[in-house]
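Structural overview
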Amino acid sequence: MIVCVCKSVSERQIKACLDAGASTMEDLQIDLGVALCCGKCGPYVQEMVSGATPCCGRSCGGCCQSAQVETSTEAVVMTQELALAA
Ligand code: FES
């Protein structure tokens, strides 16, 4: 499927570029020229970039924060249970 009509860039090309190490919209703009003309493909390309970004382990603002919130909630529940048991 063509994602960027202006530059005739397909979803497959974008995925290959991401698999090869591109990790930002700017990388894809430099490598493939996407989202540099009319910009209509920008949101879709950005979604592809976000979906391909691996968890950084601390500061990604996405999956890692969710994991930290869950961990914090578990710690509070465990603390409350210990307080009740004492
Ligand atoms: S569709 Fe990608 S810049 Fe126009």
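Before going into details, it helps to say that this report is about the structure given with it. Everything numeric here is computed off the predicted structure, so don't read it as measured data.

Quick notes on the rules
- Residues numbered from 1 in each chain as written.
- Predicted model: local features only at pLDDT ≥ 70, side-chain atom pairs only at ≥ 80, totals over all residues.
- Heavy atoms only, no water.
- Helix = DSSP H or I, 4+ residues; strand = E, 2+ residues; numbered from the N terminus.
- Buried < 20%, exposed > 50% of the residue type's maximum accessible area, 1.4 Å probe, protein only.
- Contact = heavy atoms within 4.5 Å.
- Areas by Shrake-Rupley, 256 points an atom, 1.4 Å probe, with all protein chains shown as cover.
- Salt bridge = Lys/Arg side-chain N within 4 Å of Asp/Glu carboxyl O.
- Axes fitted to C-alpha atoms, helices over the stretch in contact; angles between N-to-C directions.
- Left-handed = near helix turned anticlockwise from the far one by under 90°.
- Nonpolar A, V, L, I, M, F, W, Y, C, P; charged D, E, K, R; others polar.

1. Observations regarding the overall build of the chain
Looking only at helices and strands, the chain has four helices and two strands in total. Shown N-terminal to C-terminal, the secondary structure of the chain runs as helices and strands in the order β-β-α-α-α-α. By residue count, 22% of the 86 residues in the chain fall in the buried class. Restricting to contacts in the chain with at least 6 residues of sequence separation, those with at least 24 account for 37%. Accessible area of the chain: about 6100 Å², with a carbon and sulfur share of 57%.

2. Things to note about unusual backbone geometry
Of note, the phi angle at Ser-8 is positive, near 55°, even though the residue is not glycine. Among the structural elements, Ser-8 can be located in the loop between β1 (2–4) and β2 (9–10). Backbone geometry places Ala-35, a non-glycine residue, at a positive phi of 60°. Note on placement: Ala-35 falls in the loop between α2 (25–32) and α3 (42–52).

3. Regarding the pattern of salt bridges
One side chain can pair with another of opposite charge once the charged atoms of both are near each other. Tallied over the entire structure, the rule returns one salt bridge. A salt bridge links Lys-15 to Asp-19; its shortest N-O distance comes to 3.1 Å. A residue pair is termed a helical-turn pair when its members lie 3 or 4 positions apart in one helix, as Lys-15 and Asp-19 do in helix α1 (residues 11–19) at four residues. Overall, the relative accessible area of 59% leaves Asp-19 in the exposed class.

4. Side note on the packing of α1 against α3
For the pair α1 and α3, interaxial distance at closest approach is 11 Å and the crossing angle is 35°. Where α1 crosses over α3, the two elements pack in a sense that is right-handed. Of the residues in α3, those in contact with Glu-11, Ile-14, Lys-15 and Leu-18 of α1 are Tyr-44, Val-45, Met-48, Val-49 and Ala-52. Classifying every residue of the contact of α1 with α3 gives seven nonpolar, no polar and two charged.

5. What about the side chain of Ser-10?
If you trace the backbone, Ser-10 turns up in strand β2. Ser-10 has contacts with Met-1, Ile-2 and Val-3, leaving out every residue within four places of it along the chain.

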